[in-house]
2 protein chains.
Amino acid sequence: MSLPHAILTALLERPSSGLELTRRFDKSIGYFWSATHQQIYRELGKLEADGLIRALPAEQPVRGQKKTYEVLPAGGAELARWTAAAQDPKPLRDTLLLRLRAAAVVGTAGLEADLRRHLDLHRGQLAEYEEIERRDFPPGRDSPQDRLQHLVLRAGIDLETFWTRWLEHALAEFAELPGLDGR
Amino acid sequence: MSLPHAILTALLERPSSGLELTRRFDKSIGYFWSATHQQIYRELGKLEADGLIRALPAEQPVRGQKKTYEVLPAGGAELARWTAAAQDPKPLRDTLLLRLRAAAVVGTAGLEADLRRHLDLHRGQLAEYEEIERRDFPPGRDSPQDRLQHLVLRAGIDLETFWTRWLEHALAEFAELPGLDGR
DNA sequence: TATGGCATGTAATGAGTTACATGATTCC
DNA sequence: GGAATCATGTAACTCATTACATGCCATA
């Protein structure tokens, strides 16, 4: 239910082709809403059919040829409507927590290595976000748009901080656990 | 890919029928892996067909009649294998962050009320987790199983703490924003 | 002219959600 | 015996993922 709106947002920020969108979904927007190129092309087709976006004038309906989209007024209206609409938060669904709970019944053998790997990944992501903060949000610049985008980035930073701390804590606990392995 | 393993874990903790599992997925396990009864029945069928679980002896293959499942050795082995296997963390996908980013281009009108609502929901969830912690994990009890389950609960508590703080911060920022509404 | 990279797409599968259907049991 | 509730299930649909297919274009 959110992918079309993620695409509308990206296209309002800057008209783009499918592949350009795909690249932007690998960073920026993709930091909190990921999507593959297959999803994006399918959704661009739907959005165009629904009259929310259109291909820019030089429209060649040829296959391997670039096609840039822009948002139509109806698309902007739909995005504004969706942004303001009440939506319930989705319940948490996390594999790692599930595996820990499973480990309580089948033993912790082998889990620790993957916790360490996750810790490294989250540390890396955290460093990346902090670099972006330094580069794109220096103190001083604070248009409303900047503030909103900064707020989103802060969520990313705080979430990664949470995961690194939690994983460090978990690993410390593991070190103290008596041999539960293979239980 | 994780639902079957969530079910195996729940059944190892205690053999149950489909509806009992559904209830347990509304709390406990469901706090970090939610599932509806339709998913659960479908998955129970698959797990039984694959020989990972079985219906308890008094097996009546009658429709509206209770059917309790238990885990077979092959099921335990599969769960242990899955628990130890390396798995990449799934990229974040959060609607609220997306809406904030959208608000930076279409305006913040109407968003604030829903942020407040989310804040209330997260505060409620946090209180619920803290109550569980008081009740189920008093200082002192610390078998390895308790420690692992407590670790999972701590993740829930810390995550809800993060969201409440972030939402408070976001609302404070909103209060300072010049009229961006309807931009 | 052929190779590699760019760009757009199709097909198949799987996981999750929503709506509905049916049998058994209990209690009035 | 009728209504409510418990319990199990089916069907249809949407969304996401994985693998593959095809056309264009530059350049060696």
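Residues numbered from 1 in each chain as written. Chains lettered and ligands numbered in written order. Predicted model: local features only at pLDDT ≥ 70, side-chain atom pairs only at ≥ 80, totals over all residues. Heavy atoms only, no water.

1. Quick word on the sheet that holds strand β3 (residues 68–71) of chain B
Residue and element names in this part refer to chain B. Pairing in this open sheet of 3 strands is antiparallel, and the strands run β1-β3-β2 from one edge to the other. Every interior strand has two partners, whereas the edge strands, β1 (16–17) and β2 (53–55), have only one. Relative to β3, β2 is paired through 3 bridges, and the arrangement is antiparallel. Residue pairing for β3: Arg-54 is matched across the bridge by Glu-70. Where helix α1 (residues 3–13) meets the sheet, its contacts fall on β1, β2 and β3, and the angle it forms with β3 comes to roughly 100°. (Pairing = 2+ DSSP bridges. Helix = DSSP H or I, 4+ residues; strand = E, 2+ residues; numbered from the N terminus. Contact = heavy atoms within 4.5 Å. Axes fitted to C-alpha atoms, helices over the stretch in contact; angles between N-to-C directions.)

2. Looking at the relation of the copies chain A and chain B
When chain A is fitted to chain B, the residual RMSD is 0.1 Å, and the transformation amounts to a turn of 180° plus an axial shift of 0.0 Å. In symmetry terms, the pair is related by a two-fold rotation axis. A high fraction, 100%, of the interface residues of chain A reappear at the interface in chain B, so the copies pair face to face through one surface. (Least-squares fit on C-alpha atoms with pLDDT ≥ 70 in both.)

3. Remarks on the pairing of strand β3 (residues 68–71) of chain A
Here strand β1 (residues 16–17) of chain A pairs with β3 of chain A via 2 bridges, running antiparallel. For Ser-17 of chain A, the partnering residue across the bridge sits in β3 of chain A and is Thr-68 of chain A.

4. A few points about the nonpolar core
A general trend in soluble globular proteins is that nonpolar side chains are found buried together. Ranked by size, the top nonpolar core spans 108 residues in total, and within it Ile-7, Phe-25 and Trp-166 of chain A together with Ile-7, Phe-25 and Trp-166 of chain B carry the most contacts. Residue contacts for Phe-25 of chain A: discarding those within four places in its chain leaves Leu-3, Ala-6, Ile-7, Ala-10, Gly-30, Trp-33, Ser-34, Ala-35 and Ile-40 of chain A. (Core = buried A, V, L, I, M, F, W, Y, C linked by side-chain atoms within 4.5 Å. Buried < 20%, exposed > 50% of the residue type's maximum accessible area, 1.4 Å probe, protein only.)

5. Some points on the protein's contact with DNA strand D
By nearness alone, 21 residues border DNA strand D, and Gln-38 of chain A together with Leu-19, His-37, Tyr-41 and Lys-67 of chain B come closest of all. Residue Gly-18 of chain B places a main-chain N or O atom 3.4 Å away from a phosphate oxygen belonging to DNA strand D. With respect to DNA strand D, the side chain of Arg-23 of chain B contributes an N or O atom lying 3.3 Å from a phosphate oxygen. Along the lines of polarity and charge, the residues of the surface near DNA strand D split into 4 nonpolar, 9 polar and 8 charged. (Near = heavy atom within 4 Å. Polar contact = N/O pair within 3.5 Å; in protein donor to acceptor, adjacent residues only side chain to side chain. Nonpolar A, V, L, I, M, F, W, Y, C, P; charged D, E, K, R; others polar.)

6. Things to note about the pattern of salt bridges
Close approach of charged atoms allows side chains of opposite charge to pair. With the rule as written, the count across this model stands at 32 salt bridges over all chains. Among the salt bridges present, the one from Arg-101 of chain B reaches Glu-13 of chain A, with a minimum N-O distance of 2.8 Å. Linking Arg-101 of chain B in helix α5 (residues 95–106) with Glu-13 of chain A in helix α1 (residues 3–13), this pair reaches from one chain into another. Glu-13 of chain A sits in the partly exposed class, given a relative accessible area of 28%. One continuous salt-bridge network, built from bridges that share partners, spans Asp-88 of chain A together with Arg-99, Asp-114 and Arg-117 of chain B. (Salt bridge = Lys/Arg side-chain N within 4 Å of Asp/Glu carboxyl O.)

7. As for the sheet that holds β1 of chain A
Residue and element names in this part refer to chain A. Read from one edge of the open sheet, 3 strands run β1-β3-β2, paired in antiparallel fashion. Edge positions in the sheet fall to β1 and β2 (53–55), since each has one partner strand and no second. Strand contacts of helix α3 (residues 37–49): β2 and β3, with the helix running at about 105° to β2, the strand carrying the most contacts.

8. Quick word on unusual backbone geometry
In this structure, Ser-28 of chain A is a non-glycine residue whose phi angle is positive, near 45°. By relative accessible area, Ser-28 of chain A is classed as partly exposed at 29%.

9. Re the side chain of Glu-133 of chain A
Position of Glu-133 of chain A relative to the elements: it lies in helix α6 (residues 111–136). In this structure, Glu-133 of chain A is in contact with Pro-138, His-150, Leu-153, Arg-154 and Ile-157 of chain A, ignoring residues within four places of it in sequence.

10. Some points on the interface of chain A and chain B
The interface is formed by 70 residues belonging to chain A together with 70 residues belonging to chain B. With both sides pooled, the region where chain A packs onto chain B buries about 6600 Å², and carbon together with sulfur makes up 68% of that total. Ranking the residues of chain A by area buried against chain B places Phe-32, Leu-98 and Arg-101 of chain A at the top, with a combined share of 12%. Taken together, the links from chain A to chain B amount to 26 residue pairs in polar contact (both at pLDDT 80 or more). Elements with a contribution of two residues or more to the side of chain A that touches chain B: α1, α4 (73–84), α5 (95–106), α6 and α7 (144–176) of chain A. The element that contributes the greatest number of residues to the side of chain A that touches chain B is α7 of chain A, accounting for 18 residues. Among the residues forming the side of chain A that touches chain B, the class breakdown is 40 nonpolar, 16 polar and 14 charged. (Buried area = accessible area lost by both parts, 1.4 Å probe.)

11. Concerning the UniProt feature "domain: Transcription regulator PadR C-terminal" (unreviewed entry) in chain A
Here, the residues flagged by UniProt with the feature "domain: Transcription regulator PadR C-terminal" (unreviewed entry) are residues 92–173 of chain A. In residues 92–173 of chain A, the share of helix is 83% and the share of strand is 0%. The end C-alpha atoms are 23 Å apart. (UniProt positions renumbered as here; feature names shortened; annotations may be inferred.)

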